[in-house]
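Breakdown of the fold
Below are the chains, spelled out letter by letter.
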Amino acid sequence: MTTTPMTEPDLMPVITAERQDLADLLSKLPEGAWDAPTLCDRWRVRELVAHITMPFRYSGARFLAELARSGGRFDAMADRCARRDAARIPAEGLLAALRDNVRNPWKPPGGGLTGALTHDVVHGLDMTVPLGIGRRVPKERLGIVLAAVTDGPALKHFGTDLTGIELRADDLDWSFGSGQPVSGAAQDLLLVVCGRKLPPGHLNGASAELFTSR
């Protein structure tokens with residue numbers, strides 16, 4: 001699968017559409033689903049939505065202050081803030097923060113708008129997959145994100161060991177790596193690249209169990 005590089009003006013409508021889709025999906029969740037686990041360790045849906053909306057709710061100064069409070073460790077800061085905000089802000093407030101910012105031009109440091117789209121797509125899947133929601137990320141968006149996460153520096157960031165593994169999509173013309181084939185939907189293989197363990201039944205191949213939760 002080849003993806004034509006997109007300019008930032010081209011990407012913003014794609015990001016807007018992804019956030020709008022996610023907001024619409026969250027608006028239809030039963031109240032109890034907000035306390036369901038996600039693929040992000042120890043985060044429920046409400047913590048994950050708090051994390052997704054953190055860039056919209058925090059000023060630059062507040063972000064830096066929170067980072068300093070966590071000793072400059074971003075992961076520790078993100079976890080602490082997601083837990084605190086999820087406890088303080090009701091589900092409807094978190095949903096409003098997403099819906100009101102579908103056109104927000106936030107960019108992760110060094111990631112540009114492609115990084116923003118990746119953030120939204122991957123974390124959306126972190127919720128929908130364990131909830132058993134059969135949402136399919138549109139192919140255009142998925143292609144952009146797959147290209148981004150398999151770029152050298154991005155792949156190193158996730159730290160997923162894919163030595164001797166070929167990921168092979170069965171719904172798109174896309175593969176990555178070489179070795180023992182692990183097949184599945186392209187969006188599930190995206191989660192594999194990002195270091196997630198998927199529920200049973202999502203992947204096929206002799207090495208699929210390496211990337212499947214028990």
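Shown above is the structure to which this text applies.
What counts as what
- Residues numbered from 1 in each chain as written.
- Predicted model: local features only at pLDDT ≥ 70, side-chain atom pairs only at ≥ 80, totals over all residues.
- Heavy atoms only, no water.
- Helix = DSSP H or I, 4+ residues; strand = E, 2+ residues; numbered from the N terminus.
- Buried < 20%, exposed > 50% of the residue type's maximum accessible area, 1.4 Å probe, protein only.
- Contact = heavy atoms within 4.5 Å.
- Disulfide = S-S within 2.5 Å.
- Pairing = 2+ DSSP bridges.
- Axes fitted to C-alpha atoms, helices over the stretch in contact; angles between N-to-C directions.
- Parallel < 35°, antiparallel > 145°, perpendicular 65-115°, else oblique.
- Left-handed = near helix turned anticlockwise from the far one by under 90°.
- Nonpolar A, V, L, I, M, F, W, Y, C, P; charged D, E, K, R; others polar.
- Core = buried A, V, L, I, M, F, W, Y, C linked by side-chain atoms within 4.5 Å.

What follows deals with the environment of Ser70. Summarising the element assignment, Ser70 is placed in the loop between helix H3 (60-69) and helix H4 (74-88). Under the relative-accessibility criterion, Ser70 is labelled buried at 6%. For the pair Ser70 and Ser59, spaced eleven residues apart in sequence, the C-alpha to C-alpha distance is 17 Å. If near-sequence neighbours (up to four positions away) are discounted, Ser70 is found in contact with Ala76, Met77 and Arg80.

In total, this model carries zero disulfides according to the counting rule given. The thiol of Cys40 is unpaired, and the distance to the nearest cysteine sulfur, on Cys194, comes to 9.9 Å. Judged by relative accessible area, Cys194 falls into the buried class, the value being 5%.

On to the sheet that holds strand E2 (residues 175-177), then. Strand order across the open sheet formed by four strands is E2-E1-E3-E4, with mixed pairing between neighbours. With one partner strand each, in any of the chains shown, E2 and strand E4 (203-204) form the two edges of the open sheet. Relative to E4, strand E3 (residues 180-184) runs antiparallel, the two sharing two bridges. Note that in E4 the partner of Gly184 across the bridge is Leu203.

On to the packing of helix H1 (residues 8-27) against helix H7 (residues 139-149). Contact pair H1 / H7: the axes reach a minimum separation of 11 Å and the direction vectors enclose 110°. In this view, H1 runs roughly perpendicular relative to H7, as classed from their interaxial angle. At the point where H1 passes H7, the crossing takes the left-handed sense. Across the interface between the two elements, Leu11, Val14, Ala17, Glu18 and Asp21 from H1 touch Glu140, Arg141 and Ile144 from H7. The residue makeup of the contact of H1 with H7, split by class, is four nonpolar, no polar and four charged.

A few words on the pairing of E3. Both strand E1 (residues 165-169) and E3 contribute to a ladder of five bridges, which runs parallel. Paired with Ile165 across the two strands is Gln180, which belongs to E3.

A word on the nonpolar core. A general feature of soluble globular proteins is that nonpolar side chains tend to end up buried together. In this structure, Leu117, Leu167, Leu190 and Leu203 are the most contacted members of the largest nonpolar core, which totals 36 residues. When contributions to this core are tallied by element, the ones reaching two or more residues are H1, helix H6 (112-131), H7, E1 and helix H9 (186-193). Counting residues per element, this core draws most heavily on H6, at seven residues. Not counting the four nearest positions on each side in its chain, Leu167 is found in contact with Leu162, Trp174, Ser175, Phe176, Val182, Leu189, Val192 and Val193. By size, the runner-up hydrophobic cluster in this structure holds 22 residues, among which are Leu22, Trp34, Trp43 and Ala82.

Here the focus is the packing of H1 against helix H5 (residues 91-99). Close contact between H1 and H5 brings their axes to 9 Å; oriented N to C, the two are set at 160°. Taken together, H1 and H5 sit at an angle that is classed as roughly antiparallel. Seen along the crossing, H1 lies across H5 with a hand that is left-handed. Between H1 and H5, the contacting residues are Arg19, Gln20, Leu22, Ala23, Asp24, Leu26 and Ser27 on the first element and Leu95, Leu98 and Arg99 on the second. When grouped by side-chain class, the residues that make up the contact of H1 with H5 number five nonpolar, two polar and three charged.

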